[in-house]
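# Close look at the chain arrangement
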Amino acid sequence: MNQYDVAVIGSGPGGYVAAIRCAQLGMKTAIIEKYDTLGGTCLNVGCIPSKALLDSSHHYEDAIKHFAEHGIDIPGEVKVNLKQMIARKQDVVEQNTKGIEFLMGKNKIDVHHGLGSFKDATHINIEKDGKTETIEAKNIIIATGSKPSTLPFIQLDKERIITSTEALKLKEVPKHLIVIGGGVIGLELGQVYKRLGSEVTVVEYMDRIIPTMDAALSKELMKVLKKQKMSFNLSHKVKAVERKGKEVIVKADDKKGEEVVLTGDYCLVCVGRRPYTDGLNLEAAGVKLDDRGRVAVNDHLQTNVSNIYAIGDVIKGAMLAHKAEEEGVLVAEFLAGQKPHINYDLIPGVVYTWPEVAAVGKTEEQLKEEGVDYKVGQFPMRALGRSRASMDLDGFVKILADKKTDEVLGVHMVGARCADLIAEAVTAMEFRASAEDIARMSHAHPTYAEAVKEAALDATDKRSIHS
């Protein structure tokens, strides 16, 4: 029987990063993955493939809408080759998953393919093709991630009534795509197919899209997406989804209780994700779940069984790949006797639509609820020379700072490259910077990052130069 210091169940961003850090710290490490490729949801059917399609569809939209303005003439008609677009996406996925395989070899991590389940607290059965192998590990990290959720009355046929997984490999551009859920995944994939020519209607139960983010971001993004001709039915409670041949009929009640009926050829269900613990046989190890089906952990991400840990989407907190990575590192370093720490308030959130949306820290609604005396600095992207040059005029940067100390408490932005810009805010807040600290830092000109400096200036006695 193979024996290890650490065995990691699941090879997504949390799992493979945990395995690498454990190996770097001198532990004999194994990783167990039930699928044939490594990388988990993120690399195979999540973050990476969706960004590939977002980039491809963005290129197409630029070609048909903006190239002429830039003085680029295209002879003939620009057409979508969806088959090639999906093939390129798959090539990107394969490059990334093979990269993880390389890293496992480089770090001398044993990879076991098969369904991992607990035999007891220190032994894992790995089943593949009817054969079972058992390994032993002093410590075990559960990193099995999440799966798309649905509503009890929706029957997913994975052909016309689909999840994000199927949306990444459609064989045709929908005529009318109905998206149930106005969160990150629904908006990103909705924008992909809107750019490619679909009519897209978003049905959201809450009174705004991206409801967990700052309300100003929700308002700005919806304004931009409406301008792009996406339709929104907010405060609508879906009550039925039915397929009739090549049609999908969605019935919902609006905020007045009146029935609304929508008909499309595809329905994308994006109502969140659920922790994935199926098949783990947690009972055999004595590991407990919380009331929401998540693996219960303490501040060290340790379960009620002292040698078993859990990270990522399978535990409490935001379901984000980079959050899982940080947790993987934390567990590895804790096992090595170090004292790592994660500030969960400073895990950034990003929506990869265009314009992009990004945020870190407290929202304005949270500060009001907590009774914090704060001030606001805001700067519009359209006031930047760089934004005018690239024709990316939508959006703004908003900085929330403590009114007495000037410490930055939250940064919220919509605009070009905000997914990258948010790192500046995270860095500043990790060092407890004040708005004036950011305002006095030199920012290269012309860049989108100047909007962060200008918002900080605005938060510092309304000193913004360019607005």
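As a starting point, this report considers the structure included with it. (Residues numbered from 1 in each chain as written. Predicted model: local features only at pLDDT ≥ 70, side-chain atom pairs only at ≥ 80, totals over all residues. Heavy atoms only, no water.)

Two faces belong to every sheet, and in a regular strand the side chains alternate between them. Counting buried residues in strand β9 (residues 176–180) gives 5 out of 5 residues, a clear majority hidden from the surface. Residues of β9 alternate between two faces, with H176, I178 and I180 on one and L177 and V179 on the opposite face, all of them buried. The pairing of β9 with strand β10 (residues 199–203) spans 5 bridges and is classified as parallel. The partner of I178 across the bridge, within β10, is T201. You can see the chain leave β9, run along helix α6 (residues 184–195) and come back into β10, and the turn it takes is right-handed. Here β9 runs beside strand β15 (residues 266–269); their pairing, made up of 4 bridges, is parallel. Paired with I180 across the bridge in β15 is V269. (Buried < 20%, exposed > 50% of the residue type's maximum accessible area, 1.4 Å probe, protein only. Helix = DSSP H or I, 4+ residues; strand = E, 2+ residues; numbered from the N terminus. Pairing = 2+ DSSP bridges. Right-handed = clockwise from strand over helix to strand, strands pointing away.)

Take the sheet that holds β10 next. Taken together, 5 strands build an open sheet; the order of strands is β8-β15-β9-β10-β11 and the sheet is parallel. Among the strands making up the open sheet, the edge pair consists of β8 (161–162) and β11 (231–233).

Before going further, it helps to examine the side chain of Q191. Position of Q191 among the secondary structure elements: in helix α6. Assessed through its relative accessible area of 1%, Q191 is described here as buried.

Next up on the list: the packing of aromatic side chains. Per the counting criterion, the structure on display carries 1 aromatic pair. With centroids separated by 6.2 Å and ring planes inclined at 65°, the aromatic side chains of Y309 and F334 adopt a geometry described as edge-to-face. With a gap of 25 residues between them, Y309 in strand β17 (residues 308–310) and F334 in helix α9 (residues 321–335) connect regions that are remote in the sequence. Assessed through its relative accessible area of 25%, F334 is described here as partly exposed. In this structure, R160 packs its charged tip against the face of Y266, placed 4.6 Å from the ring centre. (Phe/Tyr/Trp six-rings, centres within 6.5 Å; stacked < 30°, edge-to-face > 60°. Lys NZ or Arg CZ within 6 Å of the ring centre and 35° of its normal.)

Under the 1.5 Å per step criterion, the end-to-end length of helix α1 (residues 13–24) is 16 Å for 12 residues, consistent within 8% with the ideal 16 Å. Of all 12 residues making up α1, 11 are buried, and the element is well covered by its neighbours. Within α1, the full set of buried residues consists of P13, G14, G15, Y16, V17, A18, A19, I20, R21, C22 and A23. Looking at the buried positions of α1, the neighbouring elements they touch are β1 (3–9), β2 (29–33), α2 (40–45), α4 (82–106), β6 (131–142) and α9. Of the residues trailing α1, G26 is marked for its positive phi of about 90°. (Expected span 1.5 Å × (residues − 1). Contact = heavy atoms within 4.5 Å.)

The antiparallel open sheet is built from 5 strands, whose spatial order is β18-β19-β22-β21-β20. Each having just a single partner strand, β18 (349–351) and β20 (374–380) make up the two edges of the open sheet. When strand polarity is set aside, the average angle formed by the axes of neighbouring strands in this sheet is 10°. Against the sheet, helix α14 (residues 450–459) makes contact with β20, β21 (396–402) and β22 (408–415), and its axis sits at roughly 140° relative to β20, the strand it touches most. (Axes fitted to C-alpha atoms, helices over the stretch in contact; angles between N-to-C directions.)

This brings us to the environment of A449. If you trace the backbone, A449 turns up in the loop between α13 (435–439) and α14. Overall, the relative accessible area of 17% leaves A449 in the buried class. Sequence separation between A449 and H300 is 149 residues; the distance between their C-alpha atoms is 36 Å. Residues within four places of A449 in sequence aside, it is in contact with L421, E424 and H443.

This part is about the packing of helix α3 (residues 47–65) against α6. Interaxial distance between α3 and α6 falls to 9 Å at its minimum, and their mutual angle equals 30°. Considering the relative orientation of α3 and α6, their crossing is left-handed. Judged by residue contacts, S50, K51, L53, L54, S57, H58, Y60 and E61 of α3 engage E188, L189, Q191, V192 and R195 from α6. The residue makeup of the contact of α3 with α6, split by class, is 5 nonpolar, 4 polar and 4 charged. (Left-handed = near helix turned anticlockwise from the far one by under 90°. Nonpolar A, V, L, I, M, F, W, Y, C, P; charged D, E, K, R; others polar.)

Here the residue pair W354 and P355 is connected by a cis peptide bond, since its omega of 5° sits within 30 degrees of zero. With respect to the helices and strands, the residue P355 is situated in the loop between β18 and β19 (356–361). Residue P446 is bonded to the preceding H445 through a cis peptide linkage, with omega at 0°. With respect to the element layout, P446 can be found in the loop between α13 and α14. The phi dihedral of N281 is positive, around 55°, even though this residue is not glycine.

A few words on the side chain of E364. Within the secondary structure, E364 is located in helix α10 (residues 364–370). Look at E364 and you get buried, because its relative accessible area is 16%. Those residues in contact with E364 that lie beyond four places of it in its chain are D214, Y374, V376, K398 and L400.

Two elements in contact, α1 and α9, have axes whose closest approach is 7 Å; the angle formed by their N-to-C orientations is 30°. As far as their axial angle goes, α9 and α1 are roughly parallel. The chirality of how α1 crosses α9 is right-handed. From α1, P13, G14, Y16, V17, A18, R21 and C22 reach across to α9, where they touch A321, A324, E325, G328, V329, A332 and E333. Each residue belonging to the contact of α1 with α9 can be placed in one class, and the counts come to 9 nonpolar, 2 polar and 3 charged. (Parallel < 35°, antiparallel > 145°, perpendicular 65-115°, else oblique.)

One turn of an α-helix holds 3.6 residues; hence residues three or four places apart share an orientation. Under the 1.5 Å per step criterion, the end-to-end length of helix α12 (residues 418–430) is 18 Å for 13 residues, consistent within 8% with the ideal 18 Å. Every buried residue of α12 is listed here: C418, A419, L421, I422, E424, A425, V426, A428 and M429. Where α12 is buried, its residues touch β18, β19, β22, α13 and α14. Looking one or two residues beyond α12, the residue adopting positive phi is R432, at roughly 55°.

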